[in-house]
Each structure stands twice: as C-alpha cells, then as structure tokens.
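# Descriptive analysis of the structure
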Amino acid sequence: MKTAIAHMKYPVVIMTAMQNLPDSESSEEIEESPRVWLVSAADARQRLDKFLSREMPEHSRQKLQGLIRDAHVLVNTLPTRPSHPLRSADEVTVSVPTEVLPAEALPENIPLDVLHEE
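Residues numbered from 1 in each chain as written. Predicted model: local features only at pLDDT ≥ 70, side-chain atom pairs only at ≥ 80, totals over all residues. Heavy atoms only, no water.

### Considering the sheet that holds strand β7 (residues 91–94)
As a reminder of what qualifies: Strands were regarded as paired on the criterion that DSSP finds at least two bridges between them. Secondary structure elements are defined from DSSP: runs of H or I of at least 4 residues count as helices, runs of E of at least 2 residues count as strands, and each element is numbered from the N terminus.
On the basis of which strands lie adjacent, the open sheet formed by four strands has the order β4-β7-β5-β6 and antiparallel pairing. The open sheet is flanked by β4 (35–38) and β6 (78–79), the only strands paired with a single partner.

### What about the packing of aromatic side chains?
Aromatic ring pairs are reported here in terms of the distance separating the ring centres and the angle at which the planes meet. To keep it simple, the criterion reads: Planes of paired rings set the category: under 30 degrees apart is stacked, over 60 is edge-to-face and the rest tilted, where pairs are Phe, Tyr or Trp rings (Trp by its six-membered ring) whose centres lie within 6.5 Å.
All told, the structure shown has one aromatic pair when counted by the stated rule. Look at Trp-37 and Phe-51: their rings are 6.3 Å apart centre to centre, the planes differ by 85°, and that puts the pair in the edge-to-face class. Linking Trp-37 in strand β4 with Phe-51 in helix α1 (residues 48–55), this pair joins segments that are 14 residues apart in sequence.

### Examining the side chain of Gln-65
The criterion, for reference: Each residue gets one of three labels from its accessible area relative to the maximum for its type: buried under 20%, exposed over 50%, partly exposed in between, using a 1.4 Å probe on protein chains only. Any two residues whose heavy atoms approach within 4.5 Å are treated as being in contact.
Along the chain, Gln-65 falls in helix α2 (residues 61–69). Given a relative accessible area of 18%, Gln-65 falls into the buried group. Not counting the four nearest positions on each side in its chain, Gln-65 is found in contact with Arg-47, Asp-49 and Pro-82.

### Focus on unusual backbone geometry
With a phi angle near 70°, Arg-45 is a residue other than glycine that sits in the positive phi range. Phi angles above zero are rare outside glycine, and Thr-77 is one such case at about 70°. One can find Thr-77 in the loop between β5 (73–75) and β6.

### Observations regarding the nonpolar core
Short version of the rule: To define a nonpolar core, start from buried Ala, Val, Leu, Ile, Met, Phe, Trp, Tyr and Cys residues and group those joined through side-chain atoms within 4.5 Å.
Counting residues in hydrophobic clusters, the biggest one holds 15 residues, and the most contacted among them are Leu-48, Leu-52, Val-73, Val-92 and Val-94. Among the secondary structure elements, those contributing two or more residues to this core are α1, α2, β5 and β7. When sequence neighbours within four positions are dropped, the list of residues in contact with Val-92 reads Arg-35, Val-36, Trp-37, Val-39, Leu-48, Phe-51, Leu-52, Val-73, Leu-74, Val-75 and Leu-86.

### Some words on the pattern of salt bridges
Cut-off, in case you're wondering: The working definition used for a salt bridge is a side-chain nitrogen of Lys or Arg within 4 Å of a carboxyl oxygen of Asp or Glu.
Evaluation of the coordinates by the stated rule reveals five salt bridges. Between Arg-61 and Asp-49 there is a salt bridge, and its shortest N-O distance comes to 3.2 Å. One end of the pair, Arg-61, is in helix α2; the other, Asp-49, is in helix α1, with twelve residues separating them in the sequence. A relative accessible area of 34% means that Arg-61 is categorised as partly exposed. In this structure Asp-49 comes out as buried when scored by relative accessible area, which is 0%. The network of salt bridges with shared partners includes Asp-43, Arg-54 and Glu-55.

So, in structure tokens, the structure goes:
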C-alpha cells in the first residue's frame, strides 16, 4: 500500500506495508530509539544534512542523506529532503535502522561425487 503526502511541495511516497516478499530478498531492520532535536535560532536556515552531520558525527553526511531520503529523518513529523532549510523551533527526529544479520552459516556434511582428483 502506498500513501502520498500531497501537501508538500515535492510529494513523497511512503511504503506503509510490504507484502509477498520472499524471505531471501527481505532484509530485516530494527529501528533504534529515535533521537530528537529542537532547532535553535542559531541553527536556523541551515541545511538539514549539515545540521545532522554536526549533531551525529558518528555517521557520514552521505549516510545521513540516505536516511533522510529513506524517510528515517522527519522534520516536524514529515519526511523531507537533505537540502531542507531548518527553521527555529523545528523538531528533527532521526531513527537509524540497524540491519539484523542472519545467523552464522554452518558447514553441512553432504555426499559429493568427486569427478576429478589429482
């Protein structure tokens, strides 16, 4: 199911449910608890990605731009674009997903036909 946010200058389509994906193609993600900032007057008119790169130095600016594009970053509860200029009193919410890796692959003892051996 898709939901379009029509009141924005650039409509954003958000996937609200993903169905019929085989397990091998789906990657599980767990959202960390969101981090929230209230933009001060000193940070107003700054690009969203620049603001976040200063506030979250553990992530590269490119990674943060990807999070913004993937709607893991919300400004006043709405998704936006990396170049969005912040305003005083904007609320910026970031939820960084962490990928859950599959369990360790273990070797399996299966019979093999040796075709050539030196």
